[in-house]
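# Inside the fold
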Amino acid sequence: MSNEKKVPVAEEDVYSTEGRWPVFIKLMAVTGVAAALGELVGTVKFPVGPGNVILLPMIFAMIFAVLVTPDALGSKIKALKEICGEKEVKLSESMLTLVLIILGIKLGMSAGPNIEKVLAAGPALILQELGNLGTMVIGLPIAMLLGMRREAVGSTLSICREPTLGLIGEIYGIDSPEGLGVMGTYMVGNLFGTIFFGLLGSFGLLTGIHPYALGMACGMGSGSMMTAASQALAASVTVSPVWANLVTADEVLAFAATSNICTNVDGLYMEFLIALPVANFLYKKLSPVFFKDKA
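Let us look at the structure shown here. (Residues numbered from 1 in each chain as written. Predicted model: local features only at pLDDT ≥ 70, side-chain atom pairs only at ≥ 80, totals over all residues. Heavy atoms only, no water.)

Let us look at the packing of helix α12 (residues 223-238) against helix α13 (residues 249-290). Running from amino to carboxyl end, α12 crosses α13 at an angle of 155 degrees, the nearest separation of the two axes being 8 Å. If you check the angle between α12 and α13, you find them roughly antiparallel. The handedness of the crossing between α12 and α13 comes out as right-handed. Every residue of α13 that contacts α12 at G223, M226, S230, Q231, L233, A234, V237 and T238 is listed here: A249, V252, L253, A256, A257 and N260. Of the residues that constitute the contact of α12 with α13, the class distribution is 9 nonpolar, 5 polar and no charged. (Axes fitted to C-alpha atoms, helices over the stretch in contact; angles between N-to-C directions. Helix = DSSP H or I, 4+ residues; strand = E, 2+ residues; numbered from the N terminus. Parallel < 35°, antiparallel > 145°, perpendicular 65-115°, else oblique. Left-handed = near helix turned anticlockwise from the far one by under 90°. Contact = heavy atoms within 4.5 Å. Nonpolar A, V, L, I, M, F, W, Y, C, P; charged D, E, K, R; others polar.)

One pass over the structure, following the stated rule, counts 3 aromatic pairs. Taken together, a centroid distance of 6.1 Å and an interplanar angle of 55 degrees make the contact between W21 and F24 tilted. Linking W21 with F24, this pair stays in helix α1 (residues 21-41), spanning 3 residues, or about one helical turn. Note on W21: relative accessible area 53%, which makes it exposed. The exposure class of F24 is buried, given its relative accessible area of 13%. Ring plane angle 25 degrees and centroid distance 4.5 Å describe the contact between Y212 and F255, whose orientation is recorded as stacked. Of this pair, Y212 sits in helix α11 (residues 211-218) while F255 sits in helix α13, placing them 43 residues apart in sequence. For the pair Y212 and F255, one class covers both residues: buried. (Phe/Tyr/Trp six-rings, centres within 6.5 Å; stacked < 30°, edge-to-face > 60°. Buried < 20%, exposed > 50% of the residue type's maximum accessible area, 1.4 Å probe, protein only.)

Looking now at the pattern of salt bridges. As enumerated under the stated definition, the model contains 2 salt bridges in all. Between E88 and K26 there is a salt bridge, with its nearest N and O atoms 3.5 Å apart. Note that E88 is positioned in helix α4 (residues 86-111) and K26 in helix α1, a separation of 62 residues in sequence. Under the relative-accessibility criterion, E88 is labelled buried at 4%. (Salt bridge = Lys/Arg side-chain N within 4 Å of Asp/Glu carboxyl O.)

Moving on, we get to the nonpolar core. The nonpolar side chains of a soluble globular protein tend to be buried, and buried together. Ranked by internal contacts, the top residues of the largest apolar core, which has 21 residues, are L205, L233, V237, V247 and V252. Counting only elements with at least two residues in this core, the list comes to α11, α12 and α13. The contact partners of V247, leaving out residues within four places of it in the chain, are H210, P211, Y212, V237 and V252. With 19 residues, the next largest nonpolar core counts A152, C160, L165 and V182 among its residues. (Core = buried A, V, L, I, M, F, W, Y, C linked by side-chain atoms within 4.5 Å.)

Right, let's talk about α1 for a bit. The terminal C-alpha atoms of α1 lie 30 Å apart, and with 21 residues this matches the ideal 30 Å at 1.5 Å per residue to within 8%. Within α1 the residues assigned to the buried category are V23, F24, L27, V30, A34 and G38. Projection of α1 onto a plane perpendicular to its axis shows the buried side chains occupying an angular sector of 135 degrees, all on one side. Counted as exposed and oriented over 90 degrees from the buried face of α1: W21, I25, E39 and L40. Positioned one or two residues after α1, G42 has a phi angle of 75 degrees, which is positive. (Expected span 1.5 Å × (residues − 1). Arc of directions from axis to C-beta.)

On to the environment of E39. Structurally, E39 is set in helix α1. Using a relative accessible area of 58% as the deciding quantity, one classes E39 as exposed. When the C-alpha positions of E39 and L56 are compared, they lie 8.8 Å apart, and in sequence the two are 17 residues distant.

Structure, rendered in structure tokens:
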């Protein structure tokens, strides 16, 4: 038995193919099979109330990809872990950055022809960021009701993507209760966020809210989640008897992409200047209600 220690791959060497071609090949194979299975299932549409819920092939492909990871079926089936192991998962995280750059270019080109309608939305694109406060106002009391203490502040501040991790890490430290909370939401978002928002996007039109507003809501600061939600919403718009002749899929995608950019620009300031102080205020006021001892 060899006593040679495994040397972890440095972040800057993740894209290196030297001695790592099998990792790239296996990742591409798993990705191709997941995409093929998603396309085989196809688009699933079923009526709900006055509208339709649409499940895109992307949703089924993502579910399959989650199932074959080392922490899912890979933990039970050894052969599966040999195909999709920790190295492949690590590479997929890094490759996602490259894919999202291509996606950003595509969405930017979609937004171009609809720029007049996007600009006509005016302050709404900026002020819609205030809607993210609902995540905290609703989520914080529920988290405290479930027994979370200072972890509730970090976990409900927003959907907890990378900017929020940095904010909480700088203020409280990533090993603090608040840091544990934000990391928890971040990890759950990595596992289920894209699937959840993909389903949510297909239900959006059932609310009766204008597709432009729903498109803005899709831009929550995460490229993958925004894509899942906006694509599902756009597909629902094209078959809606109410909106099909009034709104195009490209217009919905344009609002989503522009909103996502705005969220990445002003979202961090909104969290730091408004959301976090309000979260701490609510926590202080609600602590005597939920906890007998002083929090």
